Amino acid sequence: MTDETDARTVPTSGNQQVTLEAAPESPLESPLTERVEAILLIIDEPIALVALAAAVHAPVHAVRQVLEQLVEDYDGRGRGPRRGFELREVGGGWRLYVRDDHDDLVADFIGGQAPARLSQAALETLAVIAYKQPVTRGQVASIRAVNVDSVVRTLLARGLITELFADSETGAINYGTTDQLLQHLGINSIDDLPPISPLLDDGADGFDEGMI
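Computed from a prediction, not measured in an experiment: that's the story for all the values here.

Visitor: Where do I start with the overall build of the protein in this structure?
Guide: When you go through the protein residue by residue, the secondary structure sums to eight helices and eight strands. The contacts of the protein with a sequence gap of at least 6 include a subset with a gap of at least 24, amounting to 42%. Element-wise, carbon and sulfur atoms account for 51% of the exposed surface of the protein, whose accessible area totals about 13700 Å².

Visitor: Help me understand the sheet that holds strand S8 (residues 173-177), please; the structure alone is not making it clear to me.
Guide: Strands in a sheet are paired, the pairing made by backbone hydrogen bonds, and the direction either parallel or antiparallel. Read from one edge of the open sheet, three strands run S6-S8-S7, paired in antiparallel fashion. Of all the strands in the sheet, the pair left with one neighbour each is strand S6 (135-136) and strand S7 (161-166). As judged from the two bridges shared by S6 and S8, these two strands associate in the antiparallel manner. Opposite Thr136, over in S8, you have Asn174 as the bridge partner. Strands in contact with helix H7 (residues 149-157) are S7 and S8; relative to S7, the strand with the most contacts, it is inclined by about 110°.

Calculation rules
- Residues numbered from 1 in each chain as written.
- Predicted model: local features only at pLDDT ≥ 70, side-chain atom pairs only at ≥ 80, totals over all residues.
- Heavy atoms only, no water.
- Helix = DSSP H or I, 4+ residues; strand = E, 2+ residues; numbered from the N terminus.
- Contact = heavy atoms within 4.5 Å.
- Areas by Shrake-Rupley, 256 points an atom, 1.4 Å probe, with all protein chains shown as cover.
- Pairing = 2+ DSSP bridges.
- Axes fitted to C-alpha atoms, helices over the stretch in contact; angles between N-to-C directions.

Put into structure tokens, the structure is as follows:
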């Protein structure tokens, strides 16, 4: 028996039939839904529809349909159960989020896995966010002159910073500090932080100049 998905038969001019084997799928011909999910799993910030379509090499309208189907699937409105995560459009971009129902569970798990001490890189990044908030990851990276993606994830996991809002034009997430950080520092407000001088050449903007 011939697999209909892999081959098909066509009649010839005589009574013979010729079987045509289907060409193997190339990576770009894999199911669009799988490609979209693959990108959604690795992004740290909401991705715009056009950018997502470019990443998966598919028309924008087709990607939009896939996103709508995924939302229904994850919400349990399809054939399967509701998932512990959801797909949301935030600030003009799309990203996977843990459902609010499980925030405490995830926070407890991450808190239990987190190391007791922060690295020097994490402390420096936290200081930039604390003094310049609200600030995007790109702005922090520009000030520190290094990639801060993994450090920001660590600070989010520790509950020391949080996502405040997404930029309406770029979709970039703006970060700020949390009450948990204030508790660790023993202060009542971020205004109680000591003044600091810009220690980096390009870090003057947003800091109090001339302070020690």
